[in-house]
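# Structural overview for review
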Amino acid sequence: MWLVGGGVVWAVRTTLQVVHWVWDTWVTLVFTLIMGWRRKSHLPPVFNPILLLSASELADKIRERKVSSVEVVRSYVTRISNVNPILNAIAQENFQSALLQARMVDERLDQGLHDGSLTKEWLKKNQPFLGVPFTVKETIAVAGLPHTGGLMARDYVIAFRDAEVVTRMKKAGAILLANTNISELGMWWECDNRVYGRTNNPYDTRRTPGGSSGGECALMCACGTPLSLGTDTGGSIRTPAFFCGLFGHKPTTGLVSLRGCKIHFDSEYSEIQCAGPITRHAQDLAPILTILVGDKVSKLRLGKHVNPGTLQFFTMENDGDAILTTRMSYALVAVQRAVAQHFRHTYDCTVRKVIIPGMRRSYQLWKEKLHEEQKDWTPMFKQLADNKGEINVYTEITRAILGRPLHTVPLLAQALLDKLVGEIKFLKDQTKVLLGKETTAAPMPKVQLDTQWKILQMRVQRLLGDNGVLLYPSHPTLVPYHSESFFRPFNFTYTAIFNALGFPVTQVPLGLSPDGLPLGIQVVGGMYQDHLTISVAADLEKAFGGWVCPSKIL
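Residues numbered from 1 in each chain as written. Predicted model: local features only at pLDDT ≥ 70, side-chain atom pairs only at ≥ 80, totals over all residues. Heavy atoms only, no water.

This next bit is on the packing of helix 6 (residues 164-171) against helix 9 (residues 285-293). Put simply, helix 6 and helix 9 touch, their axes get as near as 9 Å, and they point 115° apart. The hand of the helix 6/helix 9 crossing is right-handed. Residues V165, R168 and M169 of helix 6 form the contact with helix 9, whose participating residues are I288, I291 and L292. Each residue belonging to the contact of helix 6 with helix 9 can be placed in one class, and the counts come to five nonpolar, no polar and one charged. (Axes fitted to C-alpha atoms, helices over the stretch in contact; angles between N-to-C directions. Helix = DSSP H or I, 4+ residues; strand = E, 2+ residues; numbered from the N terminus. Left-handed = near helix turned anticlockwise from the far one by under 90°. Contact = heavy atoms within 4.5 Å. Nonpolar A, V, L, I, M, F, W, Y, C, P; charged D, E, K, R; others polar.)

Next up, the structure:
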């Protein structure tokens with residue numbers, strides 16, 4: 001009997017895998033035919049060498065008075081003016097204020113360094129990014145700038161105070177240059193909404209930069225900002241960082257304050273969401289993270305030197321689920337194997353290939369963890385009305401069909417699903433009343449996904465300990481075309497599972513594919529071992545070249 005049952009399960013699973021493979025093949029073919037023939041726009045060349053420097057290098061040069069803050073800010077203002085018409089990455093610029101602050105920084109430095117009231121050592125310790133411009137995604141509040149979340153019902157909303165992470169960066173001397181485009185309410189991995197429109201990928205404007213930090217990553221990749229901040233609930237830092245060939249770090253859970261970083265759920269700390277840096281250069285990750293973490297930096301060892309030859313390396317090439325997620329791209333599998341080979345040959349390390357069975361349930365575990373944290377989850381049809389009443393889902397779907405949508409397709413689909421679930425529940429309750437049955441019966445026991453989550457977390461932690469890292473795909477495919485994500489909705493779970501588990505993860509760029517699209521990998525560490533993943537990222541940057549400029553450099 002057990003053999004018969006197992007055979008049925010195997011047959012069903014195999015059938016579903018075949019169906020999914022056919023579906024993916026069809027999606028790839030259709031989007032290649034529809035989007036592949038369209039011309040892609042090219043970004044203007046980079047003339048100014050300032051734009052290619054890391055944020056840390058810019059801060060050093062400003063302190064050394066080798067370059068002025070005004071010159072740096074003006075260089076980025078010019079670059080944004082040149083690339084934003086092509087990318088549509090900016091939500092709201094803050095150029096005049098930024099230039100004024102830069103002028104004040106230069107005056108302060110000229111006077112303070114001259115009369116001895118300031119020293120370079122003091123500045124490096126207390127204001128390490130003095131005079132360096134930075135940008136944040138629009139869902140992170142910045143006083144005086146829009147804080148709409150890409151929602152038409154919030155089109156008028158202006159933030160009245162800075163998010164905690166913005167306050168920390170300003171105290172470190174950084175100058176806010178602009179905030180950037182996001183997906184609607186930050187709830188999808190395609191950067192599109194009806195307030196600001198759609199953002200394009202710098203490498204190929206026919207493709208998405210990812211979401212929800214898509215505007216940040218597109219601008220960073222195009223040399224439009226030297227320092228970026230994003231938030232990450234299911235990969236919102238790492239997915240767009242991968243799509244745009246950048247470094248993105250998701251810190252260990254609970255370290256960075258989230259006050260002011262969300263639209264409808266403004267809590268200070270979260271077990272699943274976090275804020276972190278997005279950079280072109282690995283050397284910027286640790287200094288920015290040090291600022292964001294603040295007093296909790298003692299839990300980390302960000303300044304500790306790490307010799308990759310002393311680490312334990314593990315590699316897993318897919319999540320084991322060919323039903324929900326797309327089969328891994330050959331190019332991404334090949335580059336992951338090249339990374340493993342690099343550590344074997346360079347450091348004479350053993351890189352163990354592992355299979356972690358629980359990763360197959362990545363989506364279910366992430367979703368359960370999200371619902372556990374947000375117990376008072378507001379249905380999407382109310383969130384789309386900014387929690388002031390609710391939208392008429394069927395009217396909005398009709399508007400979308402007629403080409404006059406007020407909301408994006410993924411969120412309308414979620415709103416419809418929430419509405420149907422609510423109506424079905426209501427009908428069931430009414431049926432029980434009519435039949436005279438008890439309506440206050442104890443709820444059915446839920447599937448033990450919580451237990452499975454704890455088992456998976458302990459299994460990964462035991463595997464990695466305080467001296468191991470896991471090499472894991474950032475995404476199963478190369479950068480998708482615009483709207484292609486709607487037809488492959490579960491591929492984001494390659495990043496989302498680590499939000500549920502809480503481990504630190506660094507997305508690392510690994511150059512470009514033969515098609516000119518970014519390659520990358522996630523480096524996962526044990527709890528509070530952020531310094532390991534960042535150190536491995538720096539080593540891989542030297543070996544594989546890291547970020548590749550999408551523009552010609554003249």
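Attention now goes to the pattern of salt bridges. Under the counting rule described, the total for this entry stands at 20 salt bridges. For E396, the salt bridge is made with R399, and the minimal N-O distance between the two is 4.0 Å. Here the residue E396 and the residue R399 both occupy positions in helix 13 (residues 393-401), the gap between them amounting to three residues, near one helical turn. A single network of salt bridges, built from pairs that share partners, joins D24, E484 and R488. (Salt bridge = Lys/Arg side-chain N within 4 Å of Asp/Glu carboxyl O.)

What follows deals with empty space enclosed by the protein. By rolling a water-sized probe across the atoms, one finds the places where empty space is left. Per the counting criterion, the structure on display carries one cavity of 30 Å³ or more. What lines the largest cavity is F242, M328, L332, V333, Q336, P473, S474, H475, G520 and I521. Among the secondary structure elements, those contributing two or more residues to the lining of the largest cavity are helix 10 (330-347) and strand 13 (518-525). Looking at which element gives the most residues to the lining of the largest cavity, the answer is helix 10, with three residues. Looking at the lining of the largest cavity residue by residue, the classes come out as six nonpolar, four polar and no charged. (1 Å grid on protein atoms, 1.4 Å probe; cavity = no way out; pocket = protein on both sides within 12 Å on 5 of 7 lines; lining within 4 Å. Points joined across faces, edges and corners; volume = space filled by probe spheres on them.)

Space inside the largest pocket adds up to approximately 1,400 Å³. Sorting the residues of the lining of the largest pocket by element identifies strand 6 (228-232), helix 11 (362-373), helix 12 (380-383) and helix 14 (409-434) as the ones contributing at least two each. In terms of residue count, helix 14 provides more of the lining of the largest pocket than any other element does, eight residues in total. Looking at the lining of the largest pocket, its residues break down into 24 nonpolar, 16 polar and nine charged. Taken as a whole, the second largest pocket encloses approximately 620 Å³ of empty space. In terms of lining, the second largest pocket is formed by 27 residues, of which the most central are T28, T326, S329, T477 and R488.

Right, let's get into the sheet that holds strand 7 (residues 247-250). Backbone hydrogen bonds hold the strands of a sheet together, and the pairing may be parallel or antiparallel. Within the open sheet, the eleven strands sit side by side as 1-3-2-6-8-7-12-13-11-9-10. Their pairing is mixed. Two strands in the sheet have a free side with no partner beyond their single neighbour: strand 1 (90-93) and strand 10 (351-353). With direction set aside, neighbouring strand axes in the sheet form an average angle of 25°. Bridging between strand 1 and strand 3 (residues 175-180) involves three bridges; their strand directions are antiparallel. In the strand pairing of strand 3, Q92 is matched with N179. Contacting strand 1, strand 2 (133-137) and strand 3, helix 3 (residues 69-87) runs over the sheet at an angle of about 15° to strand 3. In the packing of helix 17 (residues 530-544) onto the sheet, the strands contacted are strand 7, strand 9 (312-315), strand 11 (468-472), strand 12 (505-512) and strand 13, and the crossing angle to strand 12 comes to about 5°. (Pairing = 2+ DSSP bridges.)

So, about the nonpolar core. Grouped together as the largest cluster of nonpolar side chains are 138 residues, with contacts concentrated most on F129, V165, M169, L229, L470 and F498. Broken down by element, the residue count for this core peaks at nine residues, all from helix 3. If near-sequence neighbours (up to four positions away) are discounted, M169 is found in contact with F129, F134, A174, L227, L229, I288, I291 and L292. (Core = buried A, V, L, I, M, F, W, Y, C linked by side-chain atoms within 4.5 Å. Buried < 20%, exposed > 50% of the residue type's maximum accessible area, 1.4 Å probe, protein only.)

We now examine the confidence of the model for the protein. On average, residues of the protein carry a pLDDT of 92, and 94% of them reach 70 or more. The model gives residues 439-445 a pLDDT under 50, and that stretch makes three contacts with residues more than four places away or in other chains. (pLDDT = per-residue confidence, 0-100.)

So, about the packing of aromatic side chains. Tallying each qualifying case throughout the model produces 15 aromatic pairs. Residues F343 and Y347 carry aromatic rings whose centres are separated by 6.2 Å and whose planes lie at 25° to one another, so their mutual orientation is stacked. Of this pair, F343 and Y347 both sit in helix 10, four residues apart, which is roughly one turn of the helix. Three or more aromatic residues link up through ring pairs in this structure, and these residues are W188, W189, F242, F243 and F486. Over the aromatic face of W547 sits the side chain of R280, whose NZ or CZ is 5.2 Å from the ring centroid. (Phe/Tyr/Trp six-rings, centres within 6.5 Å; stacked < 30°, edge-to-face > 60°. Lys NZ or Arg CZ within 6 Å of the ring centre and 35° of its normal.)

Turning next to the pairing of strand 12. The element strand 12 is extensively covered by neighbouring structure, given that seven of its eight residues are classed as buried. Between strand 12 and the antiparallel strand that follows it, strand 13, lie five residues; G516 among them carries a positive phi value of about 80°.

The next thing to look at is the packing of helix 3 against helix 4 (residues 95-115). Where helix 3 meets helix 4, the axes come as close as 8 Å, and the angle between the chain directions of the two elements is 160°. Taken together, the axis directions place helix 3 and helix 4 in an arrangement best described as roughly antiparallel. Crossing geometry of helix 3 relative to helix 4 is assigned as right-handed. Here S69, V70, V73, R74, V77, I80 and S81 of helix 3 lie close against helix 4, whose contacting residues are F95, A98, L99, A102, R103, V105 and D106. For the contact of helix 3 with helix 4, the residue count by class is nine nonpolar, two polar and three charged. (Parallel < 35°, antiparallel > 145°, perpendicular 65-115°, else oblique.)

On to unusual backbone geometry, then. Here the residue pair G211 and S212 is connected by a cis peptide bond, since its omega of 5° sits within 30 degrees of zero. Relative to the elements of secondary structure, S212 occurs in the loop between strand 5 (197-198) and helix 7 (214-221). For R65, which is not glycine, the phi dihedral falls at a positive 60°. By the element assignment, R65 lies in the loop between helix 2 (55-63) and helix 3. The phi dihedral of D348 falls on the positive side, at around 55°, and the residue is not glycine. Mapped onto the secondary structure, D348 falls in the loop between helix 10 and strand 10. For D348, a relative accessible area of 70% gives the class exposed.

Turning our attention to helix 6. Three or more residues of helix 6 are buried, namely V165, V166 and M169. Down the axis of helix 6, the buried set is contained in an arc of 100°. They therefore lie on one face. The secondary structure elements touched by the buried residues of helix 6 are strand 2, strand 6, strand 8 (274-279) and helix 9. (Arc of directions from axis to C-beta.)

The next point concerns the environment of I263. Mapped onto the fold, I263 is located in the loop between strand 7 and strand 8. Sequence separation between I263 and Y494 is 231 residues, and the spatial gap between their C-alpha atoms is 25 Å. Setting aside residues up to four positions removed in sequence, I263 forms contacts with T139, H147, T148, G149, R154 and L185.

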